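# Coordinate inspection notes
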Amino acid sequence: MSDATSLPPIAPPTRRRVTSRAPRTAAVLLIALVVLAAVAPLIAPYAVDAIDLANRRAAPSAEHWFGTDELGRDLLTRILYGAQVSLAIGLVSALLSAAIGAAVGATAGYARGWIDDVLMRLTDAMLAVPRLPLLMIVSAVLQPSVPLLVVFVGAAGWMESARVVRAEIMSLAARDFVSAARAVGATPLRVVVRHLLPGVLSTASVATTLAIGRGILLESALSFFGVGVQPPTASWGNMLYQAQTTMTSEPWLAIFPGAMIFLTVLACNVVGDAIGAGSDGTS
Amino acid sequence: MSATLRHLRLALGVPLLVACTKDASRTRAPNDLLTVGYDREPDTMNRYATHILEDIESCVVEGLVTNDERMRVVPVLASEIPTVSNGGVRLRADGGMDVTWKLRPNVRWHDGVPHTSADVKFTVDAINKGDWKPESVDGFDRISSVDTPDSLTAVVHYREVYAPYQLQFVRGTLPRHVLEGQDIDRASAYNRAPLGTGPYRVAEWKTGEYILLERVPNYWRGAEYPKIKRILFKFLTNTTTRINQLKSGEVQMVALVPWDKVRELRASPAIRLNQVVGNGYEHVSLNEKRFPAFSDLRVRRALAHAIDRETIVRTILDGLVQIVNGPIQPLSPAYEAKVATYPFNPAKARAMLDEAGWTVGADGIRTKAGSALRFELITQSGFAIRENVAQTIQKQFRDVGVDMRVRLVDGTSISGLWFNGDFDAMLHWWQQGADPEITLFFAADRAPPAGRNINYFRDDSLTKLLYASDRTADVDARAVLLRIAQRRVAELVPELPLYNTSKIDAVPVTLQHFTGNPTNAGPFWNVYAWDFAPP
Amino acid sequence: MTRLIVRRCAQSVPLLFVISLLVFALIHAAPGGPLSTYLENPNVRPEDIARLRQAMGLDRSLSAQYVAWMLAFLRGDWGYSFADGRPVLERLTERVPATLELVGAASLIALALALPIGVFAATHRRFDRLTTFLTVAGISLPVFWFGLILQLLFAGWLGWLPSSGRATFDGDGIGDRLAHLVLPATLLAAVFAAAWSRYLRRAMQHIIGRPFIRAARARGVRRTALLLRHSLPNALPSFVTVVLLDASIMASGAVVTESIFSWPGVGSLFAESLVKRDYTVLMAFLMCGSITVMVLNLIADIAVQLIDPRTRDVS
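Keep in mind it's a predicted model, so treat the numbers as computed, not measured.

## A few points about the overall build of chain B
- Each helix and strand in chain B was counted, giving 14 helices and 23 strands.
- The C-alpha atoms of chain B give 26 Å as radius of gyration, which agrees with the globular expectation for 535 residues (24 Å, within 12%).
- Projecting the C-alpha coordinates of chain B onto the three principal axes gives extents of approximately 90 × 70 × 40 Å.
- Taken over 535 residues, chain B has a buried fraction of 50%.
- Summarising the internal contacts of chain B: among those between residues at least 6 apart in sequence, 69% fall at separations of at least 24.

## So, the sheet that holds strand β6 (residues 143-150) of chain B
All names here are of chain B.
- Ordered in space as β4-β5-β7-β6, the four strands form an open sheet in which the pairing is antiparallel. Both edges of this open sheet fall to β4 (89-91) and β6, since each of them pairs with a single strand only. Put simply, the sheet's adjacent strands are angled 20° from each other on average, direction ignored.
- The sheet contact formed by β4 and strand β5 (residues 97-102) spans three bridges and is antiparallel. Looking at the pairing, R90 lines up with D98 of β5.

## Remarks on the environment of A:A111
- Along the chain, the position of A:A111 falls in helix α3 (residues 75-111).
- Between the alpha carbons of A:A111 and A:M170 there is a distance of 9.6 Å; along the sequence they are 59 residues apart.

## Quick word on the interface of chain B and chain A
- Chain B puts 21 residues into the contact, and the matching count from chain A is 19 residues.
- In terms of residues, the side of chain B that touches chain A owes the most to one element, helix α10 (residues 384-398) of chain B, which gives six residues.
- Taken together, the residues of the side of chain B that touches chain A sort by class into four nonpolar, 10 polar and seven charged.

## Some remarks on the sheet that holds strand β13 (residues 281-286) of chain B
Residue and element names in this part refer to chain B.
- Spatially, the five strands line up as an open sheet ordered β18-β17-β19-β13-β20, and their pairing is mixed. Two strands in the sheet have a free side with no partner beyond their single neighbour: β18 (403-409) and β20 (495-500). The mean inter-strand angle of the sheet, taken between neighbouring strand axes irrespective of direction, is 20°.
- Judged from the seven bridges that link them, strand β17 (residues 374-380) and β18 form a sheet pairing that is parallel. Within β18, the residue paired with E376 across the bridge is R405.

## Let's talk about the pairing of strand β1 (residues 33-38) of chain B
Residues and elements named next belong to chain B.
- With respect to burial, β1 is a largely interior element, five of its six residues being buried.
- Taken together, the six bridges between β1 and strand β10 (residues 230-235) define a ladder with parallel strand orientation. Residue pairing across strands places G37 opposite K234, the latter belonging to β10.
- Across two bridges, β1 lies against strand β11 (residues 253-254) in parallel orientation. Bridging from a neighbouring strand, G37 pairs with V254 of β11.

## A few points about unusual backbone geometry
- That bond from B:Y225 to B:P226 is cis: its omega, -15°, falls within 30 degrees of zero.
- In this model, B:L256 sits at a positive phi of 55°, which is unusual for a non-glycine residue.
- Secondary-structure assignment places B:L256 in the loop between β11 and α6 (259-265).
- Take B:L256: there are 18 C-beta atoms within 10 Å of it, and that puts it in the partly exposed class.
- The phi dihedral of C:S262 is positive, around 45°, even though this residue is not glycine.
- Tracing the chain through its elements places C:S262 in the loop between α12 (255-260) and α13 (266-276).
- Classification of C:S262 by C-beta neighbours within 10 Å gives buried; the count is 25.

## Comments concerning the nonpolar core
- Core analysis: the biggest nonpolar cluster contains 168 residues, and C:A193 and C:W196 have the highest contact counts within it.
- No other element matches the 21 residues that helix α9 (residues 173-208) of chain C contributes to this core.
- B:V284, B:L317, B:I393 and B:V409 belong to the second-largest nonpolar core, a separate cluster that totals 61 residues.

## Concerning the confidence of the model for chain B
Residues and elements named next belong to chain B.
- Overall, the prediction assigns chain B a mean pLDDT of 89, with 93% of residues at 70 or greater.
- The low-confidence segment residues 1-25 (pLDDT under 50) makes 31 contacts with residues lying over four places distant or belonging to another chain.
- Complex prediction metrics read pTM 0.79 and ipTM 0.80.

## Some details on helix α14 (residues 475-492) of chain B
Residues and elements named next belong to chain B.
- Between its first and last C-alpha, α14 extends 26 Å over 18 residues, near the 26 Å set by a 1.5 Å rise per residue.
- Looking at α14, one finds that the buried residues are R478, L481, L482, R483, A485, Q486, V489 and A490.
- Buried-residue contacts for α14 involve α12 (439-442) and α13 (460-470).
- One or two residues past the end of α14 sits V493, with phi positive at roughly 30°.

## Observations concerning the environment of B:Y162
All names here are of chain B.
- Turning to its location among the elements, Y162 is positioned in the loop between β7 (153-158) and α3 (176-179).
- Along the backbone, Y162 and D138 are 24 residues apart, and their C-alpha atoms lie at a distance of 11 Å.
- Ignoring sequence-local partners within four residues, the contact set of Y162 consists of M97, G139 and R142.

## Let's talk about the packing of helix α4 (residues 113-128) of chain A against helix α7 (residues 159-173) of chain A
Residue and element names in this part refer to chain A.
- Remark: α4 packs on α7, axes separated minimally by 10 Å, with the N-to-C direction vectors making an angle of 145°. Along this stretch, α4 crosses α7, giving a crossing that reads as left-handed. Mapping the contact onto sequence places T123, M126 and L127 in α4 and M159, A162 and R163 in α7.
- Residues of the contact of α4 with α7, tallied by class, amount to four nonpolar, one polar and one charged.

## Here's the deal with α9(C)
- Along its length, α9(C) reaches its greatest deviation from straightness, about 35°, at C:V182, and the proline C:P184 lies no more than four positions downstream.
- For α9(C), the tally of buried residues reaches 30 of 36 residues, placing the bulk of the element in the interior.

What counts, and at which threshold
Residues numbered from 1 in each chain as written. Chains lettered and ligands numbered in written order. Predicted model: local features only at pLDDT ≥ 70, side-chain atom pairs only at ≥ 80, totals over all residues. Helix = DSSP H or I, 4+ residues; strand = E, 2+ residues; numbered from the N terminus. Rg over C-alpha atoms; globule rule 2.2 N^0.38 Å. Buried ≥ 20, exposed ≤ 12 C-beta atoms within 10 Å, placed from the backbone. Contact = placed C-beta atoms within 7 Å. Pairing = 2+ DSSP bridges. Axes fitted to C-alpha atoms, helices over the stretch in contact; angles between N-to-C directions. Nonpolar A, V, L, I, M, F, W, Y, C, P; charged D, E, K, R; others polar. Core = buried A, V, L, I, M, F, W, Y, C linked by C-beta atoms within 7 Å. pLDDT = per-residue confidence, 0-100. Expected span 1.5 Å × (residues − 1). Left-handed = near helix turned anticlockwise from the far one by under 90°. Bend = angle between axes of the 7 residues up to and from the residue.

What follows is the structure in structure tokens.
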């Protein structure tokens with residue numbers, strides 16, 4: 001992503017962020033993307049590695065809706081297959097971030113004392129290291145496969161949700177129903193899992209939705225420096241990376257993948273906002 | 001609302017104002033300044049210590065010789081090239097050899113101190129002393145001593161015959177009166193702005209931005225040289241940025257334009273694209289140690305027949321390079337054109353693989369004795385053309401039943417991989433010297449770490465030939481041996497040669513006497529003569 | 001206050017130790033290493049490599065290299081760059097002014113956009129719709145794509161602005177400098193303006209919903225005064241924290257922007273050093289980046305204590 005920003009937790013908004021049609025459209029878009037990516041082999045107009053050297057750099061046309069690339073491969077096909085990789089990186093890394101964040105945050109928030117101290121110091125340490133440069137070094141050094149890249153992106157993004165979850169847990173833990181559960185002898189694990197985690201679910205889901213977008217952006221930034229997903233595997237990030245050299249002569253090669261990244265991240269953010277606003281209304 | 005708009009207008013208004021004042025600098029006299037967009041910042045200006053091209057350095061520090069645009073060795077600070085026939089090279093009875101360098105008289109360092117044979121001796125001693133880290137001590141370690149009978153004569157004594165002796169001092173000499181007694185690694189004054197004898201000196205090095213060279217007064221070629229007053233090397237590591245600045249006129253010249261960028265520049269009327277045949281060749285190395293199927297000659301020949309080099313060159317490379325069939329390139333005096341070739345012929349490739357016992361399985365992939373003809377090709381990431389060539393070869397191999405995967409590896413890691421032999425096949429080219437030595441790449445005992453035989457290829461007759469050529473000081477006699485060696489290499493195809501890496505430089509149409517250069521001497525080898533035509 | 005500073009400094013020592021260990025281990029796990037650039041050149045022989053390895057101290061054990069590096073680091077001797085043999089400290093510090101210039105300009109632009117947007121979006125519904133869309137779009141933009149498009153548009157097609165660099169050589173002063181600054185600063189500012197205004201808007205809405213603001217409104221306090229005098233000061237402390245933290249991230253992490261625009265700052269030094277595996281520079285970069293974040297964190301805490309009416313009396 002970006003020279004990127006990390007928001008500390010903040011009080012939820014008091015009013016719906018976006019007009020109600022936008023989040024629904026965004027959600028539909030996201031689901032459609034996931035479905036299209038999943039069935040890419042069935043619907044893609046060409047084979048993913050069908051090289052056609054006689055038909056290189058063709059502009060968008062009836063046969064090739066999005067044009068063709070340097071090797072005459074159909075860009076639409078590559079974008080569909082690229083969606084598998086980019087969405088997988090976004091989704092799985094976000095879930096991973098959420099899981100680590102929830103575990104760390106819940107443990108810290110419930111246990112308090114020195115455990116809380118240690119975990120929060122660790123969180124601080126991770127937050128203090130510049131994220132994108134760190135990820136660049138890790139990827140450059142270890143040259144990860146796609147699954148490993150997912151792990152790295154996920155492991156670089158858990159700190160925000162850890163803080164959010166910890167704060168929520170702390171405020172919830174003070175409530176009556178938790179004291180009651182404790183009083184009847186529930187184990188700490190049970191208290192956390194049964195009583196506290198459901199309470200933080202909505203907050204965590206906002207963070208997770210936003211993290212999907214961030215994961216996709218991070219992948220594209222890593223690819224910009226040539227340390228992300230490596231061709232011939234297509235991802236939106238590395239398609240964009242390859243297209244940057246021909247930006248002036250074949251702009252469609254850069255415009256379509258860039259637009260896909262932008263739209264997907266935008267959809268995630270809109271949906272995340274809506275969940276945040278909605279959950280606030282009910283609580 | 002209004003607040004935002006105002007800010008927007010402010011943000012947009014500023015550039016409009018500034019843009020009007022931007023191009024004032026364009027009106028300067030033509031020979032005042034040449035602005036070069038350069039793809040990287042040098043690590044050091046010390047020619048012996050740098051490990052990248054010596055373009056900028058060569059404007060400041062001159063060699064005793066250099067290579068011209070046809071790769072011929074031409075004298076610079078030497079008054080002539082020593083050879084066996086002109087008596088400059090004498091073979092000793094003990095197997096060693098003496099090379100006598102006659103220096104050009106009346107050459108002075110930029111500080112006015114005369115350039116003498118003592119500087120040659122100092123250079124050899126400094127490198128052989130071993131307490132600093134020049135990039136390479138190649139050849140120097142075979143020098144036992146240097147005699148300086150007079151201030152313009154240096155006699156270099158070699159312990160053994162060393163065929164590439166002519167290029168021994170292509171990187172120039174070190175100024176004794178400046179560097180004597182210094183730790184050269186830490187001599188940052190010299191390493192940042194070296195004292196040379198060349199037409200230019202370093203006026204300013206602004207780290208991360210540019211190096212500015214300015215002409216020296218009293219250059220030894222005469223007061224009329226160099227013509228251009230100043231040369232600015234702007235560091236623009238991003239290729240797209242570099243080409244965009246060239247098109248917009250922010251820089252006037254770019255050395256080594258990537259082939260896939262040439263198309264874009266053809267339309268620019270202010271730019272001339274100067275092309276020379278290169279000194280390297282793109283090829284696929286086949287690691288016989290890691291993937292034993294490669295040690296079968298029939299398999300190697302089949303793979304060679306399976307690649308459609310014509311189509312690759314015509315399409316992906318836009319016809320900018322020429323197909324070559326061996327490691328020594330056409331410009332070299334030792335080049336042999338009549339060697340065995342392997343034209344694109346998938347039917348023949350399939351037949352040869354069948355004959356070698358690799359039969360097509362159910363999935364279309366060939367197998368033999370239970371193992372599949374399946375390997376991984378590594379190549380350096382970040383080069384679109386190379387990635388595309390790799391993927392095309394992947395498809396062409398697949399058509400004859402060979403399953404090759406492609407893995408892109410970044411530039412620094414890939415060195416470690418080939419150095420340790422941790423790869424099956426690799427698509428790459430070597431930075432070759434101007435000398436035609438290929439022993440390093442093909443002699444049986446020169447696998448890493450002793451050399452660059454990363455095919456782990458062994459052929460005794462070839463090895464003998466190559467070592468014999470290394471011990472032949474006479475240029476012509478050596479070339480005969482190397483021609484035989486090239487025929488042998490082509491016959492045995494230890495690697496799959498693809499195409500010559502031609503070098504294309506973008507220069508202003510008004511710049512005269514620019515020739516380009518295929519060697520590491522770089523396109524600036526004759527910068528003293530460059531001249532902008534008057535408008 | 002002093003206690004806070006002392007405590008935070010003490011806490012950061014083990015933190016930095018952990019970070020340094022992590023970073024050191026990571027960088028040295030790299031295949032290739034700083035000598036790999038030499039391997040490409042066939043004229044460099046194995047003996048040369050061994051000699052260079054020894055000269056650079058790379059033949060010692062990892063722990064010995066770490067201890068040597070740490071001790072030297074504490075003394076202020078950050079070693080020499082593998083790439084060009086110059087002191088690391090010198091290489092870093094000579095890049096700092098350019099980065100400060102870029103980040104400073106970007107922060108000012110971002111603040112100038114975020115403050116009004118954040119405040120008014122919190123209360124003006126229609127304005128909010130527009131800016132919500134813009135700011136969500138802003139945080140969703142792939143920065144390097146947007147940068148390339150800015151470059152293509154303003155430098156390539158329109159030719160209004162230089163495409164990269166910090167100044168034209170021989171350029172004419174401040175106008176030229178500003179022209180070079182516009183695109184990278186705008187790019188960097190875009191994302192932060194979007195994020196900050198979103199943050200401020202939420203903080204403002206939160207405050208406005210509070211009883212004391214409702215009470216003030218009921219008392220007939222004018223809307224503008226309500227916003228600027230009553231609500232904004234209360235939203236400001238957490239906003240300052242966010243801004244300072246992000247500014248520190250910008251300072252160390254303007255890697256993308258500096259690379260696209262060949263801006264000669266710390267970020268582009270990082271990208272170059274990564275390619276060359278210049279361990280000493282990479283280590284120093286990450287350490288400095290982390291220290292910057294911690295220091296700005298501390299400053300943020302102090303600033304919050306000073307400006308936040310609720311915490312002022314507590315400690």
